[in-house]
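Breakdown of the fold
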Amino acid sequence: MEKPVPSILIWGFVLLFTCNLFIEEINAQNWLSGHSTFYGVNQDPSTFGGACGYDNPYHAGFGVNTAALSSALFRNGQACGACYRVRCNRNLDRRWCLPHGAVTVTATNFCPPNNHGGWCDAPRQHFDMSMPAFLRIARQGNEGVVPVLYTRVACRRRGGVRFTLKGQANFNMVMISNVGGSGDINSVSIRGSRTRTWLPMYRNWGVNWQSHNDLRSQTLSFRLTLVDGKTMDFINVVPSAWRFGQTFASRRQFY
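In what follows, the accompanying structure is described. Small disclaimer: the values here were computed from a predicted structure and weren't measured. (Residues numbered from 1 in each chain as written. Predicted model: local features only at pLDDT ≥ 70, side-chain atom pairs only at ≥ 80, totals over all residues. Heavy atoms only, no water.)

1. A closer look at the overall build of the protein chain
The criterion, for reference: Each helix is a run of DSSP H or I of at least 4 residues and each strand a run of E of at least 2, with the numbering of both proceeding from the N terminus. When checking whether two residues touch, look at their non-hydrogen atoms; a contact exists if any pair is within 4.5 Å. Accessibility throughout is a Shrake-Rupley quantity obtained with a 1.4 Å probe, and a residue counts as covered only by protein chains that appear here.
Assigned secondary structure in the protein chain consists of 3 helices and 15 strands. Partitioning the intrachain contacts of the protein chain with sequence separation of at least 6 by distance along the chain shows that 69% fall at a separation of at least 24. For the protein chain, the computed accessible surface area is about 13,500 Å², with 52% contributed by carbon and sulfur atoms.

Structure, rendered in structure tokens:
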């Protein structure tokens, strides 16, 4: 008759296997060092659109797991919409870091430098997270600053890319949100139903792109190229009866 394996050995094997998976995940990706704080303790996370220009991160599809980036990461707004996997670095801070604590955050804001040695001063790699996101990786301490490891990851979004129309007359501004894949947009072109060619748009700020063409009463199409080089056309995503202030969701998405 075979003797049963002691439960302590079973749990030991499970723990060893889990730790090995954790180590393999860290080694398999390009993890970089940085720090993280939290902001907005009593603030509604839906107001964290900030320097990226999202009217409401909830409506943009990001939930509460958002972060403001230091200038070294923000890239003058080009990083808006990008996703990062962030882990608390327990090798440097076992007191405040949660075991295996990790969270995927979307860049929705800018953490401005104060040029006096602050956490968001260049060249520091810093994530100023919403409090719900921060508490996924660390305990709340007196200072609320923890060392982290981070890496870029693909953004997984529900539904298609969204286009919110702003501006007036011959000044068109479009807020582009809920972008999957790399998440950060490198270039945008627009085409009206009476336009023969794609017209380049220019980044106004964050995720808001502008053109000076009068495209009212035309069906609108967009061409997006992400920072990783992937390009996708969104043909006739906006009907000709559109009005400024409306949002239109496509059926297409980056992966």
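2. Examining the state of the cysteines
Our working rule: Note on terminology: disulfide denotes any pair of cysteine sulfur atoms within 2.5 Å. Buried means the residue's accessible area, taken with a 1.4 Å probe over protein chains only, is under 20% of the maximum for its type, while exposed means over 50%, and partly exposed covers the values in between.
In this structure the tally under the stated criterion is 4 disulfides. Across the disulfide from Cys83 sits Cys155; the S-S distance is 2.1 Å. Disulfide Cys83-Cys155: torsion about the S-S bond near 125 degrees, hence right-handed. Separated by 72 residues along the polypeptide, Cys83 in strand 3 (residues 83-88) and Cys155 in the loop between strand 6 (146-153) and strand 7 (162-168) bring together distant segments of the chain. This pair shows no difference in class: Cys83 is buried, exactly as Cys155 is. Each sulfur in the disulfide pair Cys88 and Cys97 lies 2.1 Å from the other.

3. Describing the environment of Met131
Here Met131 is to be found in helix 3 (residues 131-134). Along the primary structure Met131 and Tyr39 are separated by 92 residues, whereas in three dimensions their C-alpha atoms are 6.0 Å apart.

4. What about the environment of Trp96?
Position of Trp96 among the secondary structure elements: in the loop between strand 3 and strand 4 (102-110). A relative accessible area of 22% means that Trp96 is categorised as partly exposed.

5. Focus: the side chain of Thr106
With respect to the helices and strands, Thr106 occurs in strand 4. If sequence neighbours within four positions are ignored, Thr106 has contacts with Phe62, Asn65, Thr66, Ala67, Gly81, Ala82, Cys83 and Arg157.

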